[in-house]
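Commentary on secondary and tertiary structure
Each chain, letter by letter, is given below.
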Amino acid sequence: MHSKLLGRQAELQVIAEFLGSLGSNSGTLLLGGSAGMGKTSLWRSALDLAHTQGVDVLVARPTSSEAGLTLATLSDLLSGVPAHVLDSLPPRQQEAIDVALVRSSDQGHSIEPRVLGAAFLSILERLSEESHVLLAIDDAQWVDASSRSAISYAIRRIGVGGGLIATVRPSACCQAWSTRPKL
């Protein structure tokens, strides 16, 4: 765990337990609170711990200026996924991911949200065959709507070995993320 964090042992313990449970469970852990209270420091500690445990971590750090961009957060999460995983998808899912990642020349093609969610779920399932998978989002209140839809679809359906940890500021838009206890 992050050695620079003092007085946060209770929160770090909850994070360690959450990450430890990925082998027998899946779920979401929200680090909630107002700006400046140390959510990002706890989040970074969670990422450090996940990496030391061999967890595959997909990271996104959206900003307010990106909240209106279509699929910006999903693109960030998928940026480190190996090409062979992306290329192993069924054709319809492959097409959706190619459009989402701007890898397709047919950018005028619309993506059916359920197909994109299923494609993202397929990617997470393939990654979880090798190791546990953690989606890590800092400032989840800025996740664009199209990414939030795909992430929500996949995270509700991911089996054992997959999870989401996110920092959020208090707001009505983040209620959709709460499926596990908040810190």
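Everything below is about the structure shown above.
In what follows, the accompanying structure is described.

1. With respect to the packing of helix H6 (residues 113-128) against helix H7 (residues 145-157)
Remark: H6 packs on H7, axes separated minimally by 8 Å, with the N-to-C direction vectors making an angle of 50°. For the element pair H6 / H7, the angle class is oblique. Judged by the twist between their axes, the crossing of H6 over H7 is right-handed. Across the interface between the two elements, Pro113, Arg114, Leu116, Gly117, Ala118, Phe120, Leu121 and Leu124 of H6 pack against Ser149, Ala150, Ile151, Tyr153, Ala154 and Arg157 of H7. A class-by-class count of the residues in the contact of H6 with H7 yields 10 nonpolar, two polar and two charged.

2. A few points about the packing of helix H1 (residues 9-20) against helix H2 (residues 39-52)
Where H1 meets H2, the closest approach of the two axes is 10 Å, and the angle between their N-to-C directions is 40°. In this view, H1 runs oblique relative to H2, as classed from their interaxial angle. Here the hand of the crossing between H1 and H2 comes out right-handed. The segment H1 lies against H2, with Glu11, Leu12, Ile15, Ala16 and Leu19 engaging Leu42, Ser45, Ala46, Leu49 and Ala50. Class assignment for the residues of the contact of H1 with H2 results in eight nonpolar, one polar and one charged.

Procedures and definitions
Residues numbered from 1 in each chain as written. Predicted model: local features only at pLDDT ≥ 70, side-chain atom pairs only at ≥ 80, totals over all residues. Heavy atoms only, no water. Axes fitted to C-alpha atoms, helices over the stretch in contact; angles between N-to-C directions. Helix = DSSP H or I, 4+ residues; strand = E, 2+ residues; numbered from the N terminus. Parallel < 35°, antiparallel > 145°, perpendicular 65-115°, else oblique. Left-handed = near helix turned anticlockwise from the far one by under 90°. Contact = heavy atoms within 4.5 Å. Nonpolar A, V, L, I, M, F, W, Y, C, P; charged D, E, K, R; others polar.

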